[in-house]
Amino acid sequence: MKIERAQSSKIHSIDFNNLSFGQTFTDHMFVCDYIDGEWVDPRIIPYQPIQMDPSASVLHYGQAVFEGMKAYKDDTDRVWLFRPEDNHARINKSAARLAMPEFPKDLFMNGMNELLSMDSDWIKPGIGNSLYVRPFVFANQAGVAASASNRYSFMIICAPVGAYYSGEINVLVSEKFSRAASGGVGYAKAAGNYAAAFYPTQLAQKEGYQQIIWTDANTHEYLEESGTMNVFFRIDDTLITAPTTDTILDGITRKSVIQIAKDMGISVEVRPVKVAEVIEAHKAGRLKEIFGAGTAVVISPIHGIGFQGTKHVLPTIENSYAAMLKEKVVHIQYNKSEDPYQWRKEVVAVNA
Ligand code: COI
């Protein structure tokens, strides 16, 4: 792998106590190109703008997929990733759905390890601090013929981050718009899924909600995911979440929560969740918690859920599942506890 170091670091100009999510990037980025059926020229270069032909396929047809990961630093300055093989598998699953080539695992892991080692000063220790790692692939063949591109670029960029949401999270049940339909690309981390969510989300924000909670496209009766999160409902003491069909992203935090909750002896049901069931449970005082799970948000309690003009506010409870599960997950991520599942992977430089 070729490495070109930045002439000087920007790190001293960054206020790590006042980071806006995803606005500040580290000194370097990993790049690899797909040309004539092969991934070639893997390299780490200074973080910089890229040049692209105005007819590049991604700009017209949105052929692009991405991943969201985090690197964590423990108290002895060792750096860790959480289930990175799962992100690699998922970016390839997403790529396949968008007729894009798979990216080799050794290049993915080596590129990321090298990049994170070079920029490790950007990862601050302490729970809540992390480096958001964004691998992505896009079509950059020139020409506006509407067909799959022959040329792609794979890149990894990294952003030091704190919390994704600063205040309370209220979600509005979508009764009209859909994020995904069966047979579509909902399970893929495709750029266009997020673009299509912005407009309904803006409408929800005008009503005082931070996020939409999507419902199924056919009936709008079943709850799917919310914004950048999978969603969990605690009714009485049972934790319920929707299954990952082809309309729901197979979240890595989601499946970690399911595993840990089961091992804690919590009753977990993975099944379709009706809006009506959740609203009725709330009216009956049985809806104890709703929380979102995702890489960026970690595990975030939801304060209220809006449906048909009414905001149903969740009670404040002691010993919430969200808090207990979050502690277990982050302790594994930050090397503060045993890792019985071997989810944590230490970042070790390849070239060093
Ligand atoms: C994630 O949490 O997995 C993300 O990638 C969030 C991102 C869309 C901001």
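Residues numbered from 1 in each chain as written. Predicted model: local features only at pLDDT ≥ 70, side-chain atom pairs only at ≥ 80, totals over all residues. Heavy atoms only, no water.

Engineer: Before we move on, could you go through the pairing of strand β13 (residues 238–241) and cite the residues and values that matter?
Structural biologist: Judged by which residues are buried, β13 turns out to be covered on both faces: Thr238 and Ile240 on one side and Leu239 and Thr241 on the other are all buried. Both strand β12 (residues 230–235) and β13 contribute to a ladder of four bridges, which runs antiparallel. Of the residues in β13, the one forming a bridge with Phe232 is Thr241. Hairpin connection from β12 to β13: two residues lie between these consecutive antiparallel strands, with Asp236 at a positive phi of about 50°. The sheet contact formed by β13 and strand β14 (residues 267–270) spans four bridges and is parallel. (Buried < 20%, exposed > 50% of the residue type's maximum accessible area, 1.4 Å probe, protein only. Helix = DSSP H or I, 4+ residues; strand = E, 2+ residues; numbered from the N terminus. Pairing = 2+ DSSP bridges.)

Engineer: I'd like to hear about unusual backbone geometry, residue by residue, with values.
Structural biologist: For His220, which is not a glycine, the phi torsion comes out positive at approximately 55°. Structurally, His220 is set in the loop between β10 (211–215) and β11 (222–226). Within the chain, Asn335 stands out as a residue other than glycine whose phi angle is a positive 55°. By the element assignment, Asn335 lies in the loop between α7 (321–333) and β20 (344–346).

Engineer: I'd love a proper account of the environment of Trp343, names of residues and values included.
Structural biologist: Position of Trp343 relative to the elements: it lies in the loop between α7 and β20. Accessibility expressed as a relative area gives 7% for Trp343, which makes it buried. Put simply, Trp343 and Ser130 are 213 residues apart on the chain and 17 Å apart in space, counted from C-alpha to C-alpha. If we ignore the near neighbours within four places in the chain, the residues touching Trp343 are Leu81, Phe82, Arg83, Pro84, Ser256, Gln259, Ile260 and Ile332. (Contact = heavy atoms within 4.5 Å.)

Engineer: Which residues make up the packing of aromatic side chains, and what are the values?
Structural biologist: One pass over the full model with this rule turns up 18 aromatic pairs. Relative to Phe138, the ring of Phe136 has its centre 5.9 Å away and its plane inclined at 20°; by these criteria the two rings are stacked. Look at Phe138 and you get buried, because its relative accessible area is 6%. Put simply, the rings of Phe30, Tyr34, Trp39, Phe103, Phe108, Tyr152 and Phe154 pair up and form one aromatic cluster. Over the face of the ring belonging to Phe16 we find Lys124, whose NZ or CZ atom lies 4.6 Å from the ring centre. Between Arg234 and the ring centre of Tyr321, over which it is positioned, the NZ or CZ distance is 3.8 Å. (Phe/Tyr/Trp six-rings, centres within 6.5 Å; stacked < 30°, edge-to-face > 60°. Lys NZ or Arg CZ within 6 Å of the ring centre and 35° of its normal.)

Engineer: Tell me about the layout of surface pockets, and please be specific about residues and values.
Structural biologist: Of the volumes computed, that of the largest pocket is approximately 930 Å³. Looking at the largest pocket, it is lined by 39 residues, and the ones nearest its centre are Phe66, Arg134, Tyr164, Tyr194 and Thr228. When residues of the lining of the largest pocket are traced back to their parent elements, those giving at least two are β7 (130–139), β8 (152–161), α4 (191–206), β10 and β16 (287–294). Per element, the largest residue contribution to the lining of the largest pocket is nine residues, and it comes from α4. Broken down by class, the residue content of the lining of the largest pocket amounts to 20 nonpolar, 14 polar and five charged. Residue contributions to the lining of the largest pocket reach at least three from each of two domains, namely domain 1 (2–162) and domain 2 (170–317). (1 Å grid on protein atoms, 1.4 Å probe; cavity = no way out; pocket = protein on both sides within 12 Å on 5 of 7 lines; lining within 4 Å. Points joined across faces, edges and corners; volume = space filled by probe spheres on them. Nonpolar A, V, L, I, M, F, W, Y, C, P; charged D, E, K, R; others polar. Domains from an automatic or database assignment.)

Engineer: So what about the environment of Asn193? Which residues, and what values?
Structural biologist: With respect to the element layout, Asn193 can be found in helix α4. Among the residues examined, Asn193 registers a relative accessible area of 7% and is labelled buried. Asn193 sits 10 residues away from Gly183 along the chain, and the two C-alpha atoms are 14 Å apart. Beyond its immediate chain neighbours, meaning those up to four positions away, Asn193 contacts Arg179, Val185, Gly186 and Ala188.

Purely geometric stuff here, so don't read any function into it on its own.
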